[in-house]
Protein chains: 4
Amino acid sequence: MIKAGIVGGTGYTGVELLRILALHPEVEIAAVTSRADAGKRVDALYPNLRAYIDAVFCEPDESRLAECDVVFFATPNGIAMRMAERLLASHVRVIDLAADFRLKDATVWERWYGEAHACPQLLGEAVYGLPEVNRAAIQTARLIACPGCYPTSVQLGFLPLIEAGLITVDNLIADVKSGASGAGRKAATHLLMSETGESVKAYAVEGHRHRPEIVQGLESVAGAPVRLTFVPHLVPMIRGIHATLYAELKNSAADLQQVYESRYRAERFVDVLPQGTHPDTRNVRGSNRCQIAVHRPNGGNSVVVLSVIDNLVKGAAGQAVQNMNLMFGLDEATALETIALYP
Amino acid sequence: MIKAGIVGGTGYTGVELLRILALHPEVEIAAVTSRADAGKRVDALYPNLRAYIDAVFCEPDESRLAECDVVFFATPNGIAMRMAERLLASHVRVIDLAADFRLKDATVWERWYGEAHACPQLLGEAVYGLPEVNRAAIQTARLIACPGCYPTSVQLGFLPLIEAGLITVDNLIADVKSGASGAGRKAATHLLMSETGESVKAYAVEGHRHRPEIVQGLESVAGAPVRLTFVPHLVPMIRGIHATLYAELKNSAADLQQVYESRYRAERFVDVLPQGTHPDTRNVRGSNRCQIAVHRPNGGNSVVVLSVIDNLVKGAAGQAVQNMNLMFGLDEATALETIALYP
Amino acid sequence: MIKAGIVGGTGYTGVELLRILALHPEVEIAAVTSRADAGKRVDALYPNLRAYIDAVFCEPDESRLAECDVVFFATPNGIAMRMAERLLASHVRVIDLAADFRLKDATVWERWYGEAHACPQLLGEAVYGLPEVNRAAIQTARLIACPGCYPTSVQLGFLPLIEAGLITVDNLIADVKSGASGAGRKAATHLLMSETGESVKAYAVEGHRHRPEIVQGLESVAGAPVRLTFVPHLVPMIRGIHATLYAELKNSAADLQQVYESRYRAERFVDVLPQGTHPDTRNVRGSNRCQIAVHRPNGGNSVVVLSVIDNLVKGAAGQAVQNMNLMFGLDEATALETIALYP
Amino acid sequence: MIKAGIVGGTGYTGVELLRILALHPEVEIAAVTSRADAGKRVDALYPNLRAYIDAVFCEPDESRLAECDVVFFATPNGIAMRMAERLLASHVRVIDLAADFRLKDATVWERWYGEAHACPQLLGEAVYGLPEVNRAAIQTARLIACPGCYPTSVQLGFLPLIEAGLITVDNLIADVKSGASGAGRKAATHLLMSETGESVKAYAVEGHRHRPEIVQGLESVAGAPVRLTFVPHLVPMIRGIHATLYAELKNSAADLQQVYESRYRAERFVDVLPQGTHPDTRNVRGSNRCQIAVHRPNGGNSVVVLSVIDNLVKGAAGQAVQNMNLMFGLDEATALETIALYP
């Protein structure tokens, strides 16, 4: 059994990790930390876990975490970078669901996250945990930087076009709609039901932290500078991301449907929908899947890609477990074979 | 023009007062206070008010408030009782939308509100601002205690039966469902969209502050002790209260529809629906109305009353303006003739 | 492998059965019928099932269904009663998720369902599929009448009190709130998002089909006539039922928490919450669980029981599979060990 | 008093017209037609209108409509074009809220609306009722084609940039999110609460009827062919449209904020928000306003415009009344001075 620790178990990604790992046949949950709720039973906070998780939140004690085989950081940004090095030294593998190790360039990280990076020496080693791109590297990694939720949906949507050299990359647009759980479980007025229900708004149009992450990922595939306009929106639902992606085709003869189906044929968690259809975010809710449809409106040179995920599963905890499965030589889909709840 | 001040203008009842008063032909908004947001334009926080309210939040400065004709307290509990006496001394009329003056017995107040009452000497004078019961007293009042949202819906629902002596009052049940805005605009985890969307829960089954207020109101009409089981629920919507009320008939021959229609025929803001129908909360959303239907399932001795209001209008700001209109000799419905938004 | 047929696979209970059975290790889906969608792939209608269900909707052909080991009816009322007898004659076990075999008295059935019963001769044999009451009978049954969603939540909530003789049964009240999926997947104006979003309403206060079913179940335990006022409400969410139950205690010394915990200690799918807590419907969403809390407000003689289920799982498809597991000698929880999605 | 008739009073735009006109000081509602509900009281279907509308739905009888001063068509597409000519001949002014007279080219109309146009001879005379563009023509018009909801939000957003010649018009993108009421009050499975709640989806990516309407409007201003990619989305709310518009600047020195403020300074119903802000759809819910913000992410050559309206007010019934006010020489804002409901 893999002994797993979870640092920051009281946020939405933490409890989602618990939901998945509780039914993972190869994992034993060894520690779930939470400064704020140390001493409380996990299932007192999260009654959906009653009978499945028999644990008590503990302080984030390094000696206890050092006995784990793997530690997940489901924390705010800035925590994992302060603890990862010592855990790695204790032969613990580390999977960070926050942003600490996502950007290769510490300078860029510091600009967007507002503090000096505490562990730049590990940025080179950290593997960006998008299995559809980095599977081999993940299998041997000690330190995984799990992609953000927006970056997962946007990169999976654009990758086939860029890999095949079919689009110009100097004018990409990603118009992305997210449910409220993407903002986390924090007491903030603007996330109240009364504020986010029955309303749609864009935010951070001038710049969002996930943009450099997406650009870094796309450029590494494109081998050229990528210019991306990224506009995130908050929509009145709890889970789900819908990315609507716009690009201009260079090669108007390409069979886009075929390009996507070939690219993702072997992928267990990327599902290319039939031509002419439109994905619903609900059809991936609670599942680790990305569903994608590719369109070419009016047969012109514009391509529109629709890509949906559950921000807490493929966009966070599910993808983290997918990475763990790969790192430990398990079937990649272990504990992730769940079907989205409909309706 | 009536010069109105609003203390605590940044909460939901405060901004709802602004929405109503902005279009009131006899009112001039003289001061809107907010400690937290002093110096900011009101319409920067609330862009729905742009072009309708040209004001800046100010500190709750008593000398400025003392120049008003009327001051509304749209504050948390415990503020109005510390300022009311001096305002009254300056000949300002005071309308408290919080709970400070609702209970006649300071001891009961202290048990439920957790502190000593700062102004018990005014509890006797304060008029409970339910116009359908206390209209005459309101017209001459200096100090109004606006009813709570739950108490408004429950009392308007039970009153005709109790006034007519038709039910036993030792086993009343009020099962009430409220939208999230009833809990106010405060940064609390349990009020997040992700927590209150797509879920229903009861709360405070062991006891809720509005129960003594309801009981006080019903007993003053019944002239006898009332035993009430009151269970509030949080439902996934923003505005609206649906009270489902249960009682046992003493007199099984009564024509209940007729009793309700007679009782409320002259009331502008209580609308008895046709026999056999069921009110929707949306049909009063944004309006100052209470819609009521009365049922007698299977022709038995049980009576079921359905009573709906918008918690922020008839349950708070609208009722406060209705009181103000009465106090200043205006048509009771001034600025309150709005039609609920459907759908 | 158990060969399972599903009649009426396009409704919400049908697709939920498919979601559960697709991951059931002992079941093979042999036929999924739908008159309206015959010839279409199941996953074209329900893309959440892609890669999990490789089937095409077929006509409800009896010879094909006769080859199954078990046939589920996820149909409107009135279908199963016309097909059950021939299937039973072919040694097929039948599980009806609709109402055809729930009421023992054909006369009562006809009054509430508006047509003559087509198969009254099987009403006696049919077992009411509430495992917490009828487990032994279910294990040997050929024909199961799955309880309705409201009746499941209400009966599980009241049973411990009635079995222990703790309450008077001549004045029970069940105030129940349901999400919109309880009304099924039918094109009806009143079920539109624009009609049911942001609103709460009671309905069928004069009488609802589930009331005689609940009364029948409670009376069989009480051994005495039960008088029940049942008021269903529609609330703006998709899945979930919250039953709020009111009764009067005969014996005020009883330890209610202990009564409930004892009654349900051995039940895998009924979870009695700690004293003083309140269940949320979301904590059972997607799971086969009923979570229950019992309260005694103000220490008086009234008891308030809060009981929540997912109407499509424990209230329909999950309970149907629980019955099937029992009928075929499998572990009762097979394929039902899923954890509710939070948030 | 203006005698107004409404054809098709039972849809969402019809009941919204009634809500607005009921409080219009210069309008008397002379007829409200509905084939399906003829004979029923209007307020029996729409209890929010009780005491405000004392009318009964009638058959769409032309002689009765011919006595009106103005007739609104709140019907499905294809009705107004069969009745308009005779009404105009009776000196009735006609305001069509459907699409019959929006497109100048009957051939284009027929391609998108699937039938021959019944009245092409009036297409030239019909005035496209976007007051911010066509105010003078509206004032003297006999026949108004009210813009669609998507076209209103998109055109108001793009117009200042195109009029000022600041963007290239051969690669415009409009990513638009609509609440469910935009699809109307029709019994359709895909519009159920259970289908549209908690989910986001794009639709009609290959082509939507509103695209030619938008292109026609933008080209008439641009004086050049416009290439537009238009992707509509359904989001889980009832009212509101959020248009996110993307274009490339030709002139990077322009002060975009100033351009928008100048363009709309005199417009009562277009509100340019302060620089750097983001509109919420809720801030225009129930009001006739369009709120707009203009952004230039990262100071580059891309411009992002955010434009929100209430699809039933500025996107339909409110705009229709704004047109009527202009046609009859009234203050353009009569009966439209309502403030959006927040929260």
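Residues numbered from 1 in each chain as written. Chains lettered and ligands numbered in written order. Predicted model: local features only at pLDDT ≥ 70, side-chain atom pairs only at ≥ 80, totals over all residues.

**Q** Summarise the overall build of chain A; cite the residues concerned and give the values.
**A** Scanning chain A for helices and strands turns up 11 helices and 13 strands. Computed over C-alpha atoms, the radius of gyration of chain A comes to 20 Å, within 12% of the 20 Å expected from 2.2 N^0.38 for 343 residues, which places it in the range of a compact globule. The dimensions of chain A, computed from C-alpha atoms along their principal axes, are 60 × 45 × 40 Å. Looking at the 343 residues of chain A, the share that counts as buried comes to 59%. Long-range pairs, those at least 24 residues apart, make up 70% of the contacts in chain A between residues at least 6 apart in sequence. (Helix = DSSP H or I, 4+ residues; strand = E, 2+ residues; numbered from the N terminus. Rg over C-alpha atoms; globule rule 2.2 N^0.38 Å. Buried ≥ 20, exposed ≤ 12 C-beta atoms within 10 Å, placed from the backbone. Contact = placed C-beta atoms within 7 Å.)

**Q** Help me get a handle on the nonpolar core, residues and values and all.
**A** Note that soluble globular proteins tend to have their nonpolar side chains buried in a common cluster. Grouped together as the largest cluster of nonpolar side chains are 434 residues, with contacts concentrated most on Phe72 of chain A, Phe72 of chain B, Phe72 of chain C together with Phe72 of chain D. Counting residues in each nonpolar core, the second largest holds 36 residues, with Leu234 of chain A, Met193 of chain B together with Val200 and Leu234 of chain C among its members. (Core = buried A, V, L, I, M, F, W, Y, C linked by C-beta atoms within 7 Å.)

**Q** Residue-level account of the confidence of the model for chain A, with values.
**A** The predicted model of chain A has a mean per-residue pLDDT of 97, with 100% of residues at 70 or higher. At the level of chain-chain contacts, confidence expressed as ipTM amounts to 0.97, with global pTM at 0.98. (pLDDT = per-residue confidence, 0-100.)

**Q** Any chance you could break down the relation of the copies chain C and chain D for me, citing the residues and the numbers?
**A** Rotating chain C by 180 degrees about the axis while translating it 0.0 Å along that axis superimposes it on chain D, leaving an RMSD of 0.0 Å. Those values place the two copies in the arrangement expected of a two-fold rotation axis. Here 100% of the contact residues of chain C are again contact residues in chain D; the copies associate through an equivalent surface. (Least-squares fit on C-alpha atoms with pLDDT ≥ 70 in both.)

**Q** Tell me about helix H9 (residues 210-222) of chain A, and name the residues and values.
**A** All names here are of chain A. With 13 residues, H9 ought to run about 18 Å at 1.5 Å a step, and its terminal C-alpha atoms sit 18 Å apart, in line with that. Among the residues of H9, those classed as buried are His210, Arg211, Pro212, Glu213, Ile214, Val215, Gly217, Leu218 and Ala222. Residues of H9 that are buried sit in contact with helix H5 (106-113), helix H7 (149-163) and strand S9 (228-234). Looking one or two residues beyond H9, the residue adopting positive phi is Gly223, at roughly 65 degrees. (Expected span 1.5 Å × (residues − 1).)

**Q** Tell me about the interface of chain C and chain D, and please be specific about residues and values.
**A** Contact residues are listed per partner, giving 15 residues for chain C and 15 residues for chain D. Looking at the side of chain C that touches chain D, the element that brings in the most residues is helix H8 (residues 193-196) of chain C, giving three residues. Here the residues of the side of chain C that touches chain D are counted per class, giving eight nonpolar, five polar and two charged. (Nonpolar A, V, L, I, M, F, W, Y, C, P; charged D, E, K, R; others polar.)

**Q** Can you break down helix H11 (residues 313-327) of chain A residue by residue, with the values?
**A** Residues and elements named next belong to chain A. Taking 1.5 Å of rise per residue, 15 residues should cover 21 Å, yet H11 covers just 18 Å from first to last C-alpha, more than 12% shy of that figure. Along its length, H11 reaches its greatest deviation from straightness, about 45 degrees, at Gln319. Of all the 15 residues making up H11, 15 are buried; the element is thus mostly covered by neighbouring parts of the structure. Where H11 terminates, the next one or two residues include Gly329, which has phi positive at roughly 70 degrees. (Bend = angle between axes of the 7 residues up to and from the residue.)

**Q** I'd like to hear about the packing of helix H7 (residues 149-163) of chain D against helix H9 (residues 210-222) of chain D, residue by residue, with values.
**A** Angle between the axes and distance between the axes: these two values describe a pair of packed helices. All names here are of chain D. At a minimum axis separation of 10 Å, H7 and H9 run at an interaxial angle of 25 degrees. The angle between H7 and H9 places the two elements in the roughly parallel class. As for the relative orientation of H7 and H9, their crossing is right-handed in sense. Contact residues: H7 offers Tyr150, Pro151, Val154, Gln155, Phe158, Leu159, Ile162 and Glu163, while H9 offers His210, Glu213, Ile214, Gly217, Leu218, Val221 and Ala222. Broken down by class, the residue content of the contact of H7 with H9 amounts to 10 nonpolar, three polar and two charged. (Axes fitted to C-alpha atoms, helices over the stretch in contact; angles between N-to-C directions. Parallel < 35°, antiparallel > 145°, perpendicular 65-115°, else oblique. Left-handed = near helix turned anticlockwise from the far one by under 90°.)

**Q** Explain the interface of chain B and chain C residue by residue, including any values.
**A** Accessible area lost when the parts come together is the quantity often used to give the size of an interface. At the interface, 37 residues of chain B touch 37 residues of chain C. Elements supplying a minimum of two residues to the side of chain B that touches chain C: strand S7 (172-178), helix H8 (193-196), strand S8 (201-202), strand S9 (228-234), strand S10 (241-248) and strand S13 (302-309) of chain B. Residues that form the side of chain B that touches chain C fall into these classes: 16 nonpolar, 13 polar and eight charged.

**Q** Please set out unusual backbone geometry residue by residue, giving values where relevant.
**A** Here the amide bond leading from Tyr342 of chain A into Pro343 of chain A is cis, since omega sits at -5 degrees, within 30 degrees of zero. In this fold, Pro343 of chain A is placed in the segment after H11. Even without being a glycine, Glu198 of chain A presents a positive backbone phi close to 55 degrees. Along the chain, the position of Glu198 of chain A falls in the loop between helix H8 (193-196) and strand S8 (201-202). Unusually for a residue other than glycine, His91 of chain D sits at a positive phi of about 65 degrees. Mapped onto the secondary structure, His91 of chain D falls in the loop between helix H4 (80-89) and strand S4 (93-96).

**Q** Would you mind going over the sheet that holds strand S7 (residues 172-178) of chain A in detail, with residue names and values included?
**A** All names here are of chain A. Strand order in the open sheet formed by seven strands is S8-S9-S7-S10-S13-S12-S11, and the pairing between neighbours is mixed. Because the sheet does not close on itself, it has two edges, and the strands there are S8 and strand S11 (270-272). Alignment of S8 against S9, held across two bridges, turns out to be antiparallel. Across the sheet, Lys201 pairs through a bridge with Leu234, a residue of S9. (Pairing = 2+ DSSP bridges.)

**Q** Now, about the sheet that holds strand S8 (residues 201-202) of chain C: what can you tell me, with residues and values included?
**A** All names here are of chain C. In spatial order, the strands read S8-S9-S7-S10-S13-S12-S11; together these seven strands make up an open sheet with mixed pairing. This sheet does not close on itself; its edge strands, each paired only once, are S8 and strand S11 (270-272). Sheet strands touched by helix H7 (residues 149-163): strand S7 (172-178), strand S9 (228-234), strand S10 (241-248), S11, strand S12 (290-295) and strand S13 (302-309). Its angle to S10, the strand with the most contacts, is close to 35 degrees.

**Q** If you had to explain the domain arrangement of chain A to someone new, which residues and values would you point to?
**A** All names here are of chain A. On domain assignment, one finds that chain A holds domain 1 (2-125) and domain 2 (150-311). Summarising the inter-unit geometry, the C-alpha centres of domain 1 and domain 2 are found 27 Å apart. Facing nine residues of domain 1, the contacting portion of domain 2 comprises seven residues. The element that contributes the greatest number of residues to the side of domain 1 that touches domain 2 is H5, accounting for three residues. Across the side of domain 1 that touches domain 2, the residue classes tally to six nonpolar, one polar and two charged. (Domains from an automatic or database assignment.)

**Q** Please set out the environment of Val284 of chain C residue by residue, giving values where relevant.
**A** All names here are of chain C. By the secondary structure assignment, Val284 is in the loop between S11 and S12. Sequence-wise, Val284 and Ala340 are 56 residues apart; in three dimensions their C-alpha atoms are separated by 5.1 Å. Not counting the four nearest positions on each side in its chain, Val284 is found in contact with Arg289, Gln291, Val308, Ile309, Asp310 and Ala340.

**Q** An account of the packing of helix H6 (residues 131-139) of chain D against helix H11 (residues 313-327) of chain D is needed here, citing residue identities and associated values.
**A** Residues and elements named next belong to chain D. Closest axis-to-axis distance for the H6/H11 pair is 9 Å, and the angle between their directions is 40 degrees. Comparing the axis directions of H6 and H11 gives the class oblique. Between H6 and H11 the crossing geometry is right-handed. Packed against H6, whose contacting residues are Pro131, Arg135, Ile138 and Gln139, the element H11 presents Gln322, Asn323, Leu326 and Met327 at the interface.

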